[in-house]
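# Observations on the three-dimensional arrangement
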Amino acid sequence: MKTIYLLPNQFKRIGWVLFIPGIILGIIFLINQSERFEFFNITVFSIADQQALGKTEFFSFTKNNIFDETIGILIIIGALFIAFAKEKSEDEFISKIRLESLVWATYVNYIILILSIIFIYDMIFFWVLVFNMFTTLFFFIIRFNWALNKSKNQIRDEE
Amino acid sequence: MRNSIKVERDKKNLTQAQLAELVSVSRQTINAIELGKYNLSTILALKIAQVFNQSVHDIFELEDSDW
């Protein structure tokens, strides 16, 4: 069966190469949020930007430390590559596992988000939203690989 | 849906891995079909039937619970 919208298998490796540094830098960022490497201070083009006094500017150039942006993009692109690179033997059964895992991950992600909306407030909720940018992909990767391994182990049990 | 893939495989002395290769799917897929855990596509059913030189109806059979 032809699988659509999936990347070639090699992208999985590239995904890990982006994802792991992204996670390590992310942990550094979380542990020491005041740490802003000078290297990342640049002028960026922004579509919308809110200044300290609350005035929103559209389509402007602004100074920004892009350490957190870099981390976010590394993690998201890495996780997308890991999640949606084809398996070596991608076929219709694996597509089914893929779909089931994606539905499962979406449900779990939004159930957690709903609970967070109800029970978590203020800045902690902001951090929930930050994590929520990545969690659908994380849940999908974990659930998909778990299901894939389960079906592989079933073969071993049969032998 | 019941199927007699395992029986047909035994007749032809084919392992799951060999059948999987003949019809271009993973071994997990053949295993899941044999265990009744996965309802395969029409194309794959036709391919498997062709490997065994049989009609699809000889290998796959509807069960009451499919209705």
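Residues numbered from 1 in each chain as written. Chains lettered and ligands numbered in written order. Predicted model: local features only at pLDDT ≥ 70, side-chain atom pairs only at ≥ 80, totals over all residues.

### Some details on the overall build of chain A
To keep it simple, the criterion reads: Helical segments are the DSSP runs of H or I of at least four residues, strand segments are the runs of E of at least two, and each set is numbered from the N terminus. Atoms counted for the radius of gyration: C-alpha only. Globule rule: 2.2 Å times the number of residues to the power 0.38. With C-beta atoms placed from the backbone, a residue counts as buried when 20 or more other C-beta atoms lie within 10 Å of its own, as exposed when 12 or fewer do, and as partly exposed for counts between those limits. Contact between two residues is assigned whenever their backbone-derived C-beta positions fall within 7 Å.
Helix and strand content of chain A: four helices and two strands. Secondary structure elements in chain A, listed N-terminal to C-terminal, are α-β-β-α-α-α. For a compact globule of 159 residues, the expected C-alpha radius of gyration is about 15 Å, and chain A comes in at 19 Å, more than 25% above that figure. When its C-alpha atoms are laid out on the principal axes, chain A stretches across 65 × 35 × 30 Å. Residues classed as buried in chain A amount to 15% of the 159 residues present. Residue pairs at least 24 apart in sequence account for 78% of intrachain contacts in chain A once pairs closer than 6 positions are excluded.

### Concerning the confidence of the model for chain B
All names here are of chain B. For clarity, the cut-off: pLDDT runs from 0 to 100 and stands for how confident the predictor is about each residue.
Per-chain confidence: chain B averages 94 in pLDDT, with 100% of residues scoring 70 or above. For chain B, per-element mean pLDDT is lowest for strand 1 (residues 2-3), which scores 92, and highest for helix 4 (residues 42-51), which scores 96. For this predicted complex, the interface score ipTM comes out at 0.88, while the overall pTM is 0.89.

### Re the domain arrangement of chain A
Residues and elements named next belong to chain A. Basically, it comes down to this: Start and end points for every domain follow an automatic or database-based domain assignment. Just so you know the grouping, Ala, Val, Leu, Ile, Met, Phe, Trp, Tyr, Cys and Pro go in nonpolar, Asp, Glu, Lys and Arg go in charged, and all remaining residues, Gly too, go in polar.
Examined at the domain level, chain A breaks down into domain 1 (7-86) and domain 2 (89-159). Put simply, the middle of domain 1 and the middle of domain 2, counted by C-alpha atoms, are 22 Å apart. Contact with domain 1, which involves eight residues of that partner, is made by seven residues of domain 2. Residues that form the side of domain 1 that touches domain 2 fall into these classes: six nonpolar, one polar and one charged.

### Topic: the interface of chain A and chain B
The partner chain B presents 12 residues to the 12 residues of chain A that form the contact. Listed by contribution, the elements that provide at least two residues to the side of chain A that touches chain B are helix 3 (92-119) and helix 4 (122-158) of chain A. Among the elements that make up the side of chain A that touches chain B, the one with the highest residue count is helix 4 of chain A (five residues). In the side of chain A that touches chain B, the residues fall into four nonpolar, three polar and five charged.

### Quick look at the pairing of strand 2 (residues 56-65) of chain A
Residue and element names in this part refer to chain A. The line we're drawing: Two strands form a pair only when DSSP identifies at least two bridges running between them.
Of all 10 residues in strand 2, zero are buried, a share of ten percent or less. Bridge analysis of strand 1 (residues 41-50) against strand 2 gives nine bridges, and the strand direction is antiparallel. Bridge assignment links Ala48 to a residue of strand 2, and that residue is Phe58. Turn length for the strand 1-strand 2 hairpin, with the two strands adjacent in sequence and antiparallel, is five residues, and the turn residue Gly54 shows positive phi of about 95 degrees.

### Here we look at the packing of helix 1 (residues 11-31) of chain A against helix 2 (residues 67-84) of chain A
Residues and elements named next belong to chain A. Our working definition: In this description, a line fitted to the C-alpha atoms serves as the axis of each element, helices being fitted only across the stretch in contact, and the angle between N-to-C directions of two axes falls anywhere from 0 to 180 degrees. Should the near helix be turned anticlockwise from the far one by less than a right angle, the crossing is termed left-handed; should it be turned clockwise, right-handed.
Look at helix 1 against helix 2: their axes get within 7 Å of each other, and the N-to-C directions meet at 145 degrees. Where helix 1 crosses over helix 2, the two elements pack in a sense that is left-handed. When the residues that make up the contact of helix 1 with helix 2 are grouped by side-chain class, the tally is 17 nonpolar, four polar and two charged.

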